[in-house]
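# Per-entry structural report
These are the residues of each chain, in order.
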Amino acid sequence: MRKPVIAGNWKLFKTKNEALALIEELAPLVSGVDNVEIVVAPVFTVLPTLPAALAGTGISLAAQDVFWEEEGAFTGEVSPRMLLDAGASHVIIGHSERRQYFGETEETVNKKVKAALKGALVPIVCIGETLEAREAGDTFKVLERQLKGGLEGLTGTQFAPVIVAYEPVWAIGTGKVASDDQAQEAHAFIRGVIAGLFGKSAADKVRILYGGSVKPENVKGLMSRPDIDGALVGGASLKGASFASIVRYSE
Ligand code: PEP
């Protein structure tokens, strides 16, 4: 019922030519896949280069961040309208690296989510606990706070396009993937919080992606769990063959 989403977060990797080479490698490997939505998220400067290469591939384009104002004296920022203009349809918001290194808070995530939705972009809203929080038994408390803070003030209709990504910080880029049980437990909790905020039907429909050291070898187990609806992939999205085999997890 929920169409899986496999999204590649290229982080601070890939110049224009490197990005084009990756798409050239990836596109034939995922051609014909229609049971999964495929998204790639390059750096801002590469966005406008990719739509021509992605045409007809079924792969969507995401930005890795967005600002909440449409225009103005905000040096260094990029607005939803500018992302659309560059060819993006999705945007990652609240990635833990932005929370950790760039001062992202629940409040800024919330402003960005609202701006993205207003600008007709699909937000991929990232939440996840640190190792410290998990070990202190605070995982659910953190997830609930990040979720409620990031989605505050949205109506059910506004929330409908939102994709949520559960990314335990201790699993990102560390090679330490959450177990299928740990991920399923967190996803079921997140779906429950969304049911409380927007109702059961919204919770049944929302796609919740797992992120954190997803690889071709572990994606199948994760995707076999009922509340895991896809993956946000960092390192393994930088090579066409590994990302394609994650996309083709069900084959
Ligand atoms: C990410 O960047 O969102 C991520 C999950 O990275 P990795 O797959 O490398 O852990």
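Our structure's up above, just so we're on the same page.
The present account deals with the structure reproduced in this document. (Residues numbered from 1 in each chain as written. Predicted model: local features only at pLDDT ≥ 70, side-chain atom pairs only at ≥ 80, totals over all residues. Heavy atoms only, no water.)

## Looking at helix α1 (residues 16-30)
Going by this rule: Secondary structure is summarised from DSSP: a helix means a run of H or I of at least four residues, a strand means a run of E of at least two, and numbering begins at the N terminus for each. Each helix should span, by expectation, one fewer than its residue count multiplied by 1.5 Å. Only protein chains enter the area calculation, which uses a 1.4 Å probe; residues under 20% of their type maximum are buried, those over 50% are exposed, and those in between are partly exposed. Read the arc as the range of directions from the helix axis to the C-beta atoms.
In this model, α1 (15 residues) spans 21 Å end to end at C-alpha, consistent with the 21 Å of a helix rising 1.5 Å per residue. Regarding α1, the residues found buried are Ala19, Leu22, Ile23, Leu26, Ala27 and Val30. Buried residues of α1, viewed axially, fall in a sector of 130 degrees; they line one side. α1 presents Asn17, Glu24 and Pro28 as exposed residues on the side facing more than 90 degrees away from its buried surface. Note on α1: the residue one or two positions beyond its end, Gly32, has a positive phi of about 90 degrees.

## Focus on the packing of aromatic side chains
Defined as follows: A pair of Phe, Tyr and Trp rings is counted when the ring centres sit within 6.5 Å of each other, with Trp represented by its six-membered ring. The angle between the planes then sorts it: under 30 degrees is stacked, over 60 is edge-to-face, the rest tilted.
Counting across every chain of the model gives six aromatic pairs. Taken together, a centroid distance of 4.4 Å and an interplanar angle of 35 degrees make the contact between Phe67 and Trp68 tilted. Geometrically, the ring pair formed by Tyr101 and Phe102 is edge-to-face, given 6.3 Å between the ring centres and 85 degrees between the ring planes. Accessibility expressed as a relative area gives 56% for Tyr101, which makes it exposed. Taking relative accessible area as the criterion, Phe102 reaches 53% and is therefore assigned exposed. Through a chain of ring-to-ring contacts, the aromatic side chains of Phe67, Trp68 and Phe74 assemble into a single cluster.

## Considering the pairing of strand β4 (residues 90-93)
Definition in use: Whether two strands pair comes down to DSSP finding at least two bridges between them. A clockwise path from the first strand over the helix to the second, with the strands pointing away from the viewer, defines a right-handed crossover.
The side-chain alternation of β4 yields two buried faces, one formed by His90 and Ile92 and the other by Val91 and Ile93. Across two bridges, strand β3 (residues 59-63) lies against β4 in parallel orientation. Note on β4: the bridge partner recorded for Ala62 is His90. For the crossover that starts at β3, traverses helix α3 (residues 80-86) and ends in the parallel β4, the hand is right-handed.

## Brief notes about the pairing of strand β6 (residues 163-166)
Because side chains alternate across β6, one face comprises the buried residues Ile163 and Ala165, and the other comprises Val164 and Tyr166, equally buried. Across four bridges, the pairing between strand β5 (residues 122-127) and β6 is parallel. Bridge pairing links Ile127 to Tyr166 in β6. Bridge analysis of β6 against strand β7 (residues 208-211) gives three bridges, and the strand direction is parallel. Across the sheet, Val164 pairs through a bridge with Ile208, a residue of β7.

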